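Summary of structural features
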Amino acid sequence: MLLRKQAKVEQVNIEEFEQLKPQEYLPQAVMQIAMQAGTILLSSGAETYRVENTVGIILSLAKSSDYDVTAMGTSITAFMVSQDGEHTNTQIRRVRHRSLNLQHIATVNQISRDLVAGKIQLTEAAECMNELKKPVYSKWEKNLAIVVMVCSFALLLSGRFEDFFAAAPVAFGIIFVNALVQYIRVEGFFAHLLSAFVGACMAFASQHYLFPMASLDIIIAGALMPLLPGTSFTNAIRDVIQGDYISAAARAMEAVFVALALSIGVGFALGLFAAFL
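What you are looking at is a predicted structure, and each value in this text was computed from that prediction instead of being measured. (Residues numbered from 1 in each chain as written. Predicted model: local features only at pLDDT ≥ 70, side-chain atom pairs only at ≥ 80, totals over all residues. Heavy atoms only, no water.)

**Things to note about a nonpolar patch on the surface**
Here is the rule we go by: The patches described consist of residues with a relative accessible area above 30% and no salt bridge, like charges being joined within 9 Å and nonpolar side chains (Val, Leu, Ile, Met, Phe, Trp, Tyr) within 5 Å. Here the accessible surface of atoms and residues is derived via Shrake-Rupley with a 1.4 Å probe, and residues count as covered only by protein chains that are part of the display. Salt bridge, as applied in this entry: a Lys or Arg side-chain nitrogen positioned within 4 Å of an Asp or Glu carboxyl oxygen. A helix here means a DSSP run of H or I that spans at least four residues, while a strand means a run of E at least two residues long, and both kinds are numbered starting from the N terminus. A 1.4 Å probe rolled over the protein chains alone gives each residue an accessible area, and that area as a share of the maximum for its type sets the label: buried under 20%, exposed over 50%, partly exposed in between.
Together, Phe189, Met253, Val256, Phe257, Leu260 and Ile264 make up a nonpolar patch on the protein surface, roughly 520 Å² of accessible area in all. The element contributing the most residues to the nonpolar patch is helix H10 (residues 245-276), with five residues. Structurally, leucine 260 is set in helix H10. With relative accessibility at 38%, the residue leucine 260 sits in the partly exposed group.

Have a look at this one:
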């Protein structure tokens, strides 16, 4: 979603493996690569079963007698048992920031398949994951995409050219809120509520003072379309199909609260303008 800041991708330090004993090198390296891959997937909006499957594929490369992985909406837990059964390696990763990045999901999936097929080594996989830390688009490109998206949705919702141009100030309001919530480090319910409130206020001001012939309903609807929790709801359904009911319930609840925050923000803004104008 627009209001979620880009999830941080931590770098994998392969040089640490050089300090390990030879018999510990492969399991430790595989575990670190697997957990990093799972963290990237979960923070990029991947489904729970996809995270568990990918991490499990990478863990299968280690010389261990047993391994397993469990992924929830905000955490990953994996363990690995040595061949002699005397040592156990367990790691837990907490994912605090989540966004939607299909490129990261596709890249990590390809890395895991290439590792299993023997096309790349662990060091190459680590380098590929470290490359994901570099931003693909600049801030002005992202902001331009927000403006184009909001204005285009106004046209797609049977709007006219007046609605298209009237939606531009709303997009700038969303950009401002996006930068604000990242600066004050606020996410979730409050961030979406603030975005909906500012977006509705900007829509009302744009229609009332700049484009009186534009439709207020279409402008607000076009501004809210990029903020709707469609991905969370879709992932919840896919988790239900896979039998991950706890994760599905968490994602569905997230979608409900996002929709509730958007409705409260818009309702409060419309009520405020109706009372004073």
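**Details of empty space enclosed by the protein**
To keep things clear, this is the line we draw: With a 1 Å grid spanning the protein atoms alone, the term cavity applies to any set of points in which a 1.4 Å probe fits but cannot get out, the term pocket to an open set with protein on both sides within 12 Å along at least five of seven lines, and the term lining residue to any residue with an atom within 4 Å of a point. Grid points are joined across faces, edges and corners, and a volume is the space filled by probe spheres set on the points. Each residue gets one label: Ala, Val, Leu, Ile, Met, Phe, Trp, Tyr, Cys and Pro are nonpolar, Asp, Glu, Lys and Arg are charged, and the others, such as Gly, are polar.
Evaluation of the coordinates by the stated rule reveals one cavity of 30 Å³ or more. The calculated volume of the largest cavity comes to roughly 40 Å³. Taken together, Ile174, Ser195, Ala196, Gly199, Ala200, Ile220, Ala223, Leu224, Leu227 and Val266 form the lining of the largest cavity. Of all elements in the fold, only helix H7 (189-210) and helix H8 (216-224) reach the threshold of two or more residues within the lining of the largest cavity. When its residues are assigned to classes, the lining of the largest cavity shows eight nonpolar, two polar and no charged.

**Observations concerning the sheet that holds strand S2 (residues 75-82)**
The condition that has to hold: Here, a strand pair is defined by DSSP locating no fewer than two bridges between the strands. To get an axis, a line is fitted to the C-alpha atoms, and for a helix only the part in contact is used. The angle between two axes follows their N-to-C directions and goes from 0 to 180 degrees.
The strand order across the open sheet formed by three strands is S1-S2-S3, and the pairing between neighbours is antiparallel. A strand with exactly one partner marks an edge of an open sheet, and here the two such strands are strand S1 (64-71) and strand S3 (88-94). The mean inter-strand angle of the sheet, taken between neighbouring strand axes irrespective of direction, is 10 degrees. With seven bridges connecting them, S2 and S3 associate as antiparallel partners. Across the sheet, serine 75 pairs through a bridge with arginine 94, a residue of S3.

**Quick notes on the environment of leucine 61**
Basically, it comes down to this: The contact criterion used is simple: two residues touch if any of their non-hydrogen atoms lie within 4.5 Å.
Inspection of the secondary structure puts leucine 61 in the loop between helix H2 (48-59) and S1. For leucine 61, a relative accessible area of 29% corresponds to the partly exposed category. The spatial distance from the C-alpha of leucine 61 to the C-alpha of valine 116 is 7.0 Å, given a sequence separation of 55 residues. In contact with leucine 61, other than residues within four places in its own chain, are Leu26, Val30, Leu115 and Val116.

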